[in-house]
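Listed below, chain by chain, are the residues.
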Amino acid sequence: MKIESKNTELAKLQLKDTTINFLWRDMKYDSVLNSSINSIFINKDYLNSITEPEKASIGYVATFIGNECWWDDKANHDRSNLDCKIITALGLGYQCSDKHLGFLRKWFSTDKQVLSDLEKSNCPTTPYTATIQNSFDEIKLTIKKDSILVFYKVSGVNMRKQESWEWTETDYFILKNNNLKLIKKDKSEVRDKKKLALKENKSSHITNTQDQEKPKTEQEIISDIREKFGAINYNINSYKKVKKDLSGESTEGGELEGYFKNVELKKIITSYYGEMGKLIEEYYLWNDQLFFVFTQAYSYNMPMYMEDSKVIKINENRYYFYNDKLIRWLDSQKEKVIKSNFAKKEIEILQKTKKLKEKLK
């Protein structure tokens, strides 16, 4: 019985010759921005049939390169709750967790160099908002007999110095006696890219950098606004957060949050609560000037505090500003509101922005 069980286990570990595109980048729609951003995509169909050795090979590579890692809520004091896209997709839990590293150590149990790499102290916990980081652009697996080749393309950035780079690498693994061994790594020359620029739908990383030329056409202005919106939200966790109470301004109270880069206010969030709904407003500023406002009014089927309450409607509005002028207004259907309605709303928003900025001082 024991011999038969062992043979069955070995049969499960036989690899099938194939080539798999595991990861790639493509444009993904952002409902808040009402635009598409460059994002990582993973082959979910392949995950349904992936073998344990293949999972370990990808898991090892993904341990040391960024793959859209975000803190699950706030970062724990020991940085143990980093949710990375590939590690999570492989079912290995949080980045650098016992589940993650334990699984890899089991499969590389005879590879001393890999085991050294997988020491807890060597395992990076780098969130997607880090100033300096590398990130995958592509991962492809080639499997032949007992060999697993993992080819990957990486882009890196240093946002502080406005530098970027890229390289490709192929890691060669071999499966023998139910253990994996890393045979070699073929890494290309690291190529420097030109200094980062905020180019919508072209850059895989949006930086917090002011454009050199002022836009002229409305479409150029809108593109500029979208880039700045992305830059602020990309860097949001690096900003200083200030919270204020807005009690008395709605029936169930409210909150005010301001996000500062040093002394410069970059984003304001207001939350107003009522018995049957809430209103969330986001204000975005660049060089102390308002350029975008996004509002969401939630309506509930019964008082929010009741157990069975649920959202029945969300009314969204997007307001695009340039030089203190409202130049575009999109309603809940993302349709353009006629400009004859702009004047009153423009004054209302600018006055409220000024009032909120005063409250945050």
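The structure displayed is predicted, hence computed values, not measured ones.

Calculation rules
- Residues numbered from 1 in each chain as written.
- Predicted model: local features only at pLDDT ≥ 70, side-chain atom pairs only at ≥ 80, totals over all residues.
- Heavy atoms only, no water.
- Core = buried A, V, L, I, M, F, W, Y, C linked by side-chain atoms within 4.5 Å.
- Buried < 20%, exposed > 50% of the residue type's maximum accessible area, 1.4 Å probe, protein only.
- Helix = DSSP H or I, 4+ residues; strand = E, 2+ residues; numbered from the N terminus.
- Contact = heavy atoms within 4.5 Å.
- Polar contact = N/O pair within 3.5 Å; in protein donor to acceptor, adjacent residues only side chain to side chain.
- Pairing = 2+ DSSP bridges.
- Axes fitted to C-alpha atoms, helices over the stretch in contact; angles between N-to-C directions.
- Phe/Tyr/Trp six-rings, centres within 6.5 Å; stacked < 30°, edge-to-face > 60°.
- Lys NZ or Arg CZ within 6 Å of the ring centre and 35° of its normal.

Asker: What is the right way to look at the nonpolar core in this model?
Answerer: Across soluble globular proteins, nonpolar side chains have a tendency to be buried as a group. Residues Phe22, Ile86, Phe136, Ile139, Leu141 and Phe173 are the most contacted members of the largest nonpolar core, which totals 46 residues. Broken down by element, the residue count for this core peaks at five residues, all from helix α3 (residues 52–63). In this structure Ile139 touches Ile20, Asn21, Phe22, Leu23, Ile86, Val150, Phe151 and Tyr152, once residues within four positions along its chain are discounted. With 21 residues, the next largest nonpolar core counts Ile222, Phe229, Tyr284 and Trp286 among its residues.

Asker: Would you take a moment to explain the environment of Asp171 for this structure?
Answerer: Here Asp171 shows up in strand β7 (residues 163–176). With residues up to four places along the chain from it excluded, the contact list for Asp171 reads Tyr60, Val61, Ile148, Leu149, Val150, Tyr152, Leu182, Lys184 and Lys185. Here the side chain of Asp171 touches Tyr152 through a polar contact of 3.1 Å, side chain to side chain.

Asker: Would you mind showing me how to read the sheet that holds strand β16 (residues 325–330) here?
Answerer: If you walk across this open sheet you meet the seven strands as β10-β11-β12-β13-β14-β15-β16, and the pairing is antiparallel. A single partner strand is all that each edge strand has here, and the edge strands are β10 (240–245) and β16. Put simply, the sheet's adjacent strands are angled 15° from each other on average, direction ignored. Pairing between strand β13 (residues 277–286) and strand β14 (residues 289–300): ten bridges, direction antiparallel. Looking at the pairing, Trp286 lines up with Gln289 of β14. The strands touched by helix α8 (residues 342–359) within the sheet are β10, β11 (254–261), β12 (264–274), β13, β14, β15 (311–322) and β16, with β16 carrying the most contacts at an inclination of about 105°.

Asker: Is there a simple way to explain the packing of aromatic side chains in this structure?
Answerer: Two measures describe an aromatic ring pair: the distance that separates the ring centres and the angle between the ring planes. For the structure on display, the rule yields 15 aromatic pairs. Ring centres of Phe136 and Tyr152 lie 5.7 Å apart, and the angle between their planes is 80°; on these two criteria the pair is classed as edge-to-face. Of the two residues, Phe136 sits in strand β5 (residues 132–144) while Tyr152 sits in strand β6 (residues 147–158), which places them 16 residues apart along the sequence. Summarising the burial analysis for this pair, Phe136 and Tyr152 share the class buried. Taken together through their ring pairs, the aromatic side chains of Phe229, Tyr284, Trp286, Phe291, Phe292 and Tyr320 make up a single cluster. Positioned above the aromatic ring of Trp286, the side-chain terminus of Lys266 is 4.0 Å from the ring centre. Directly above the aromatic system of Tyr298 lies the positively charged group of Lys278, at a separation of 4.8 Å from the ring centroid.

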